[in-house]
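# Architecture at a glance
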Amino acid sequence: MEANGLIYTHEELDAEYDKLQAIAEKKGASTWQMRVKQQTPHCKFGEDGVCCRICSMGPCRITKKAPRGICGCDAHGIVGRNYLKFTAGGSATHSDHGREIAHTLYCASPDGAYHVKDEAKLLSIAKRWGIETEGKDIYDVAHEVAFAGLSEYGKVFGYQNWIKDASPERQKTWEEQEIAPRAVDREVSHALHMTHMGCSSLPEALIRQSLRCGLADGWGGSMTGTQFSDVLFGTPMPIDTEANLGVIKKDYVNIIVHGHDPSLSEMIVEYAENKELVALAHEVGAKGINIAGVCCTSNEVAMRHGIPMAGNFLQQENIVLTGAIEAVVVDVQCIFPALGPLSKCFHTKFITTNDAARIPDSDFIRFEAETAAENAYKIVKEAVENFKNRDQEAVYIPDLKTKATAGYSCEAIIKQLDTVTNSQVDVTGTYQPLVDCITSGVLRGAVAMVGCNNPKVRSDRGHIDLMKKLLANDIVLVLSGCSAQAAARYGLMSKDAKAICGDGLKRVCTLADIPPVLHMGSCVDISRMMNLVCDVAVQWGIDTPQLPVVGCAPEWMSEKAVSIGNYVVATGIDTFLGVVPYVNGSEEVKELLTNGIRDWVGAAFTYETDMEKLGDLMIERIEEKRLALGI
Ligand code: XCC
Ligand code: SF4
């Protein structure tokens, strides 16, 4: 069943996923659907954020009868501290990803495993960072830029280099508000210092550092991850691919790449074409080697190589349940520990590769930039050799597949806009055509829809129903992370999806030859969206909070998502969440996040668990901003 230009309904997809659940039950395997039942209702103290266990006098939990912990900390201090710790976890994680990529760039060499693919981008970064390039070998420049990037993590004085790419207004705001990000590691450490027993319990201070720590991610670690990945693996350009479980092939060796760091997946993709390994695949009775992705790794290889997207976060177990997977190869983040025992119900090998993500019941094959080629060869070989252990009779691959176009980096968007410009003055290479579409009202605005899926929201429905509503209202969408994959699986990332758009957006899609939802990449690529909004604001001559643009994470779940939320808001973009962070236990913290911080950065959070209302609120906010601009 291929949704050729069609858009799947929830029922069509659920019917197939239910069949995989039945397989799990028959096998006695545990899935998240089952575990959610065991874990709910969730602990109310945890949900409200009023449980503190940062010292061994506790744990303390706040109730009406016990309004303070043993040290005297109240709910506001505890909730604020927990929120900052959550942010620090996310910022550390994204930033460490960026650090790995910087290290990979440092290892690049003409005859090694990694090369410089986008020289122009590298030279442009070097220039912006004041690194001399004249007469130098491109690899020497790469190493200097990589070293400078790595040094940003422990930078002794000053702010992150990348913030110079933000709009002048933003930089000014961050400095004035004392949230301009300093060294990445410093912001994370400082956050953990502040949340130590007996340090900060003032909500204002804790939330301010949350914004700063988030900015160290978005305009620090994540930006490094994105920009350096482009230098190494190429800046994404529109590319056709496919999505959903139907991309798994019955007659092929199927290798799933899952996680976030493209250093690994790029090499796996390369070795899937290795002649010896392909010959070996034929020898064991397979037609070849098929690679498909899960989570953000999938986004990385989809937008650079057109590797199909098998599924997002909450699909990871379904993929194994097909019984057709020889190996799930993972690097870091968003990997269910459940994959260990689940793989054991099948012939599937669960291969972990990174010191940061060691998981029971997995085979650990350490993957390092220095030895990437031999590591990748070994991993792919193990998968191929595992094909003979597959029980072909028991395989069930749902016949679900969509077409999708991925790879809309900022550079790609500008290029696409160049094709539609009919202005009298030359605006090639700028966002002016986009600004014109918005000011004329052909497009009402834009929403950056990002983030995970979460069983608290009926999986993916939050994303999809909101997207449909926004598209019908002539609001263009830029997507990343698991939100992007949800869109792809339903068919919204195909150019034919313009059929469900309002007339204005439909016209823009036809003229620019784009799908109405633009795939901008993985979670670290939300940094691309920050570049986009800053550059559009500069082009327009306004500050980012004035743009009729909002951010939305309807089903977010991870610490990284909170870190992202903080830097998106701090970049001036109102952000709408469909899952409430653990802050309900403090009116003061909640007030700050949903309103107070607007005085600092010009934007704030909106929490609304009713998706219909969440959509209305976003449209309302966009229209308010238009009105304020007089357009
Ligand atoms: Fe993870 Fe990035 Fe969330 Fe998906 S969206 S569940 S964080 S893979 Ni970023
Ligand atoms: Fe309890 Fe205070 Fe220790 Fe937290 S820091 S566990 S509130 S005594």
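The text that follows walks through the structure, step by step, so that each part is easy to find. Remember, predicted model here, so these are calculated numbers, not experimental data.

## Regarding the site of ligand 2
Taken together, Cys52, Ile54, Cys55, Met57, Gly58, Cys60, Gly69, Ile70, Cys71, Ile78, Arg81 and Met197 make up all the residues around ligand 2. The site holding ligand 2 turns out to be the second largest cavity. Partitioning the shell around ligand 2 into residue classes produces nine nonpolar, two polar and one charged.

## Brief notes about the nonpolar core
Counting 204 residues, the largest nonpolar core has Ile268, Ile289 and Val447 as its most contacted members. Once residues lying within four places of it in the same chain are set aside, the contact partners of isoleucine 268 are Ile255, Val257, Ile291, Val329, Ala376, Ile379 and Val380. Core analysis: the second largest hydrophobic core is formed by seven residues, Ala88, Ala191, Met194 and Leu206 among them.

## Considerations on the site of ligand 1
Taken together, the residues surrounding ligand 1 are His260, Cys295, Cys296, Phe313, Cys334, Gly451, Cys452, Cys482, Cys523, Met557, Ser558 and Lys560. Given that more than half its atoms are within 2 Å of the pocket grid, ligand 1 belongs to the largest cavity. Grouping the amino acids of the shell around ligand 1 by side-chain chemistry returns eight nonpolar, three polar and one charged.

## Considerations on empty space enclosed by the protein
One pass over the structure, following the stated rule, counts four cavities of 30 Å³ or more. Taken as a whole, the largest cavity spans an internal volume of roughly 250 Å³. Forming the boundary of the largest cavity are 30 residues, of which Val450, Gly451, Ile526, Ala561 and Ile564 lie nearest the centre. Mapped by element, the contributors of at least two residues to the lining of the largest cavity are helix H12 (295-305), helix H19 (481-490), helix H21 (526-540), strand S14 (549-553), helix H22 (559-570) and strand S15 (575-577). The dominant element in the lining of the largest cavity, judged by the number of residues it contributes, is H22, at five residues. Across the lining of the largest cavity, the residue classes tally to 20 nonpolar, nine polar and one charged.

## Describing helix H9 (residues 203-233)
An α-helix turns once every 3.6 residues. As a result, residues three or four positions apart point the same way. With 31 residues, H9 ought to run about 45 Å at 1.5 Å a step, and its terminal C-alpha atoms sit 42 Å apart, in line with that. The buried fraction of H9 amounts to 28 of the 31 residues, a majority that puts the element mostly inside the structure. Phi turns positive one or two residues past the end of H9, at glycine 234, with a value near 100°.

## Quick word on the environment of leucine 150
Along the chain, the position of leucine 150 falls in helix H6 (residues 138-151). Overall, the relative accessible area of 26% leaves leucine 150 in the partly exposed class. In the structure, leucine 150 is positioned 47 residues away from histidine 103 in sequence and 7.3 Å away in space, judged by C-alpha atoms. Setting aside chain neighbours within four positions, we find leucine 150 in contact with Arg99, Ala102, His103 and Tyr106.

## Some details on the pattern of salt bridges
Applying the stated criterion across every chain yields a total of 36 salt bridges. One salt bridge connects aspartate 165 with arginine 128, and the closest N-O pair in it is separated by 2.9 Å. In this pair, aspartate 165 is assigned in the loop between H6 and helix H7 (168-176) and arginine 128 in helix H5 (residues 119-128), connecting sequence segments 37 residues apart. In this structure, lysine 155 engages glutamate 152 in a salt bridge whose closest nitrogen and oxygen atoms are separated by 3.0 Å. Here lysine 155 falls in the buried class, since its relative accessible area comes to 18%. On the basis of relative accessible area, glutamate 152 is assigned to the buried category, the value being 5%.

## Some points on helix H8 (residues 184-194)
Along H8, the positions that sit buried rather than exposed are Val184, Glu187, Val188, Ala191 and Met194. Along the axis of H8, the buried positions cluster into a sector of 125°, meaning they face one direction only. Buried residues belonging to H8 abut helix H4 (75-107) and H9.

## Considering the packing of aromatic side chains
Evaluated as defined, the whole model comprises ten aromatic pairs. Note on tyrosine 271 and tyrosine 377: the rings are 6.3 Å apart at their centroids and 90° apart in plane angle, and the pair reads as edge-to-face. Taken together, the positions of tyrosine 271 in helix H10 (residues 262-271) and tyrosine 377 in helix H15 (residues 372-385) put the pair 106 residues apart, joining distant regions of the chain. Judged by its relative accessible area of 15%, tyrosine 271 falls in the buried class. Judged by its relative accessible area of 25%, tyrosine 377 falls in the partly exposed class. Seen from their ring centres, phenylalanine 605 and tyrosine 607 are 6.1 Å apart, and the 25° between their planes marks the pair as stacked. Take phenylalanine 605: its relative accessible area is 3%, and that puts it in the buried class. Among the residues examined, tyrosine 607 registers a relative accessible area of 13% and is labelled buried.

## As for the coordination of the nickel atom of ligand 1
For the nickel atom of ligand 1, the protein supplies a single donor, Cys523 (SG), at a distance of 1.9 Å. Examined against the element boundaries, cysteine 523 turns out to sit in the loop between strand S13 (517-519) and H21.

## Re the layout of surface pockets
Roughly 640 Å³ of internal volume is contained in the largest pocket. Along its surface, the largest pocket is lined by 36 residues, and Leu417, Pro433, Leu434, Cys437 and Leu443 are the ones closest to its centre. At the level of secondary structure, the elements contributing two or more residues to the lining of the largest pocket comprise helix H16 (410-418), helix H17 (432-440), strand S11 (445-449), strand S12 (475-479), helix H20 (503-512), H21 and S14. When residues in the lining of the largest pocket are grouped by element, the largest group, six residues, is from H17. Here the second largest pocket defines a volume of roughly 560 Å³. Forming the walls of the second largest pocket are 21 residues, and the residues nearest its centre are His42, Asn454, Pro455, Lys456 and Tyr582.

The rules behind these values
- Chains are numbered independently. Their residues run from 1 in the order of the written sequence.
- Here every chain gets a letter starting at A, and every ligand a number starting at 1, in the order they are written.
- Side-chain atom pairs in this predicted model are given and counted only at pLDDT of 80 or more, local residue features only at pLDDT of at least 70, and totals for whole chains, interfaces and linings cover all residues.
- The side-chain figures draw on all heavy atoms in the structure; neither hydrogens nor water molecules are used.
- We call a residue near a given molecule or strand whenever any one of its heavy atoms falls within 4 Å of it.
- We place a 1 Å grid over just the protein atoms. Points where a 1.4 Å probe fits but has no way out form a cavity, open points with protein on both sides within 12 Å along at least 5 of 7 lines form a pocket, and any residue with an atom within 4 Å of a point lines it.
- Molecules are considered to sit inside a cavity or pocket once more than half of their atoms lie within 2 Å of its grid points.
- Basically, the charged four are Asp, Glu, Lys and Arg, the nonpolar ten are Ala, Val, Leu, Ile, Met, Phe, Trp, Tyr, Cys and Pro, and anything else, Gly included, counts as polar.
- Grouping buried Ala, Val, Leu, Ile, Met, Phe, Trp, Tyr and Cys residues that are joined through side-chain atoms within 4.5 Å yields what is termed a nonpolar core.
- The classification of residues rests on relative accessible area computed with a 1.4 Å probe and restricted to protein chains. Under 20% of the type maximum is buried, over 50% is exposed, and intermediate values are partly exposed.
- Contact between two residues is taken to exist if any of their heavy atoms lie within 4.5 Å; hydrogens are not considered.
- Grid points are joined across faces, edges and corners, and a volume is the space filled by probe spheres set on the points.
- Runs of E in the DSSP output that reach at least two residues are strands. Runs of H or I that reach at least four are helices, and both are numbered from the N terminus.
- A helix's residues, less one, multiplied by 1.5 Å, set its expected span.
- Should a side-chain nitrogen of Lys or Arg be within 4 Å of a carboxyl oxygen of Asp or Glu, the pair is scored as a salt bridge.
- Throughout, the arc means the angular range of directions from the helix axis out to the C-beta atoms.
- Pairing of aromatic rings covers Phe, Tyr and Trp, the last counted by its six-membered ring, and requires centre-to-centre distances within 6.5 Å; plane angles under 30 degrees mean stacked, over 60 mean edge-to-face, and any other angle means tilted.
- Distances decide who is a donor: an N, O or S atom must be within 2.8 Å of the metal, or within 3.2 Å for Na, K and Ca. Water is not included, so sites may look incomplete.

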